[in-house]
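Each chain, written out:
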Amino acid sequence: QEQVRKLKKYSPYFRKLKLQHQKEFLKRVSHFISVKKFVSRGMKEVTEEMKVVVAAQCVQLTFGLPRIYLSHFEMILIYPDNYYSTINNQYHKGEVNPRFGIIVLSWKNLVQGIANEDDGINLGIHELAHAIHLENRISNQEYGFIDSKLWKKYYDLAEYEMFKIKEGDTSLFRSAAAIDHHEFFAVLLENFFERPKALKEYSPNLYKKTTLLLKQDPIKLLWQI
């Protein structure tokens, strides 16, 4: 099947899944594509390949959670490369706009993030982590899918890590993670999926809390579905 071929090409995560989980993953990818409006900016069209890649990254992050498709974010805008924002007069690689329910991604950076599988930098995971963080707090049918008691324990660990970065202490996370809790969560998930063993070695407690929040463990590739 064409979608399976694209997923094997662009999703290291999908390639590691057992066959029964691949079937479930494929179903969720198809559903994500069917419920989102994809809009091209600065190029002819959003291809089926682009849709599959974006959907796969969302499904990867939410695969352990019960049918979460980021329903508030109805539109996905895709640019060919970095794009200029008139809001803050800067070039961007991607962003999430909760006011308008839009996720914006640049295709070039999206593909580069996937190609470098273990550097802890992945645009798709980063921006979709922002969307998950926001979706969890927006009043709709997907509200509150992350356990609030677990989140509080995770939050305290995140505060400690952000403090370390600001103090200049050695950290697994790049400096952008210390900007605020949205950025920390996004950088955390980049490392959680791309460098899980390094993250677990660096902070077993933070790794464990993240597996509980997302109900999956990338090292074991085991899911509670």
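All of these numbers come straight from a predicted model, not from anything done at the bench. (Residues numbered from 1 in each chain as written. Predicted model: local features only at pLDDT ≥ 70, side-chain atom pairs only at ≥ 80, totals over all residues. Heavy atoms only, no water.)

Notes on the pattern of salt bridges
Argument step 1. Taken as a whole and assessed by the stated rule, the structure comprises 10 salt bridges.
Argument step 2. A salt bridge links Glu2 to Arg5, with the shortest nitrogen-to-oxygen separation between them at 2.5 Å. Residue Glu2 and its partner Arg5 are both found in helix α1 (residues 2-10); the two are separated by 3 residues, about one turn of the helix.
Argument step 3. Of the residues examined, Glu2 reaches a relative accessible area of 42% and is grouped as partly exposed.
Argument step 4. The class of Arg5 is partly exposed, set by a relative accessible area of 45%.
Argument step 5. Where Lys108 meets Asp81, a salt bridge forms, and the shortest distance between an N and an O atom there is 3.6 Å. One end of the pair, Lys108, is in helix α5 (residues 107-115); the other, Asp81, is in the loop between β2 (75-79) and β3 (83-85), and 27 residues separate them in sequence. (Salt bridge = Lys/Arg side-chain N within 4 Å of Asp/Glu carboxyl O. Helix = DSSP H or I, 4+ residues; strand = E, 2+ residues; numbered from the N terminus. Buried < 20%, exposed > 50% of the residue type's maximum accessible area, 1.4 Å probe, protein only.)

Considering the packing of helix α4 (residues 48-62) against α5
Argument step 1. Viewed as axis vectors pointing N to C, α4 and α5 meet at an angle of 55 degrees, and their least axial separation amounts to 12 Å. Considering the angle they form, α4 stands oblique to α5. Note that α4 runs across α5; the crossing there is left-handed. Here Glu49, Met50, Val53, Val54 and Gln57 of α4 lie close against α5, whose contacting residues are Trp107, Leu110 and Ile114.
Argument step 2. Classifying every residue of the contact of α4 with α5 by side-chain character gives 6 nonpolar, 1 polar and 1 charged. (Axes fitted to C-alpha atoms, helices over the stretch in contact; angles between N-to-C directions. Parallel < 35°, antiparallel > 145°, perpendicular 65-115°, else oblique. Left-handed = near helix turned anticlockwise from the far one by under 90°. Contact = heavy atoms within 4.5 Å. Nonpolar A, V, L, I, M, F, W, Y, C, P; charged D, E, K, R; others polar.)

Looking at the nonpolar core
Argument step 1. Phe25 and Phe173 are the most contacted members of the largest nonpolar core, which totals 71 residues.
Argument step 2. In terms of nonpolar packing, the next biggest core, distinct from the first, is built from 5 residues, Val39, Tyr83, Ile102 and Val104 among them. (Core = buried A, V, L, I, M, F, W, Y, C linked by side-chain atoms within 4.5 Å.)

Description of the side chain of His130
Argument step 1. Within the secondary structure, His130 is located in helix α6 (residues 123-135).
Argument step 2. Those residues in contact with His130 that sit more than four places away from it in its chain are Val96, His182, Glu183 and Ala186.

Some words on the side chain of Gln60
Argument step 1. Mapped onto the secondary structure, Gln60 falls in helix α4.
Argument step 2. A relative accessible area of 8% places Gln60 in the buried class.

Overview of the pairing of strand β6 (residues 102-106)
Argument step 1. Along β6, 5 of the 5 residues are buried, which leaves the element largely enclosed by surrounding structure.
Argument step 2. Alternating positions in β6 separate into two faces, Ile102, Val104 and Ser106 on one and Ile103 and Leu105 on the other, with burial throughout.
Argument step 3. Strand direction decides the pairing type here: β2 and β6, joined by 5 bridges, are parallel. Each residue of the ladder has a partner; that of Met75, found in β6, is Ile102.
Argument step 4. In terms of strand pairing, strand β5 (residues 94-97) meets β6 through 4 bridges, oriented antiparallel. Bridged to Val96 within β6 is Ile103. (Pairing = 2+ DSSP bridges.)

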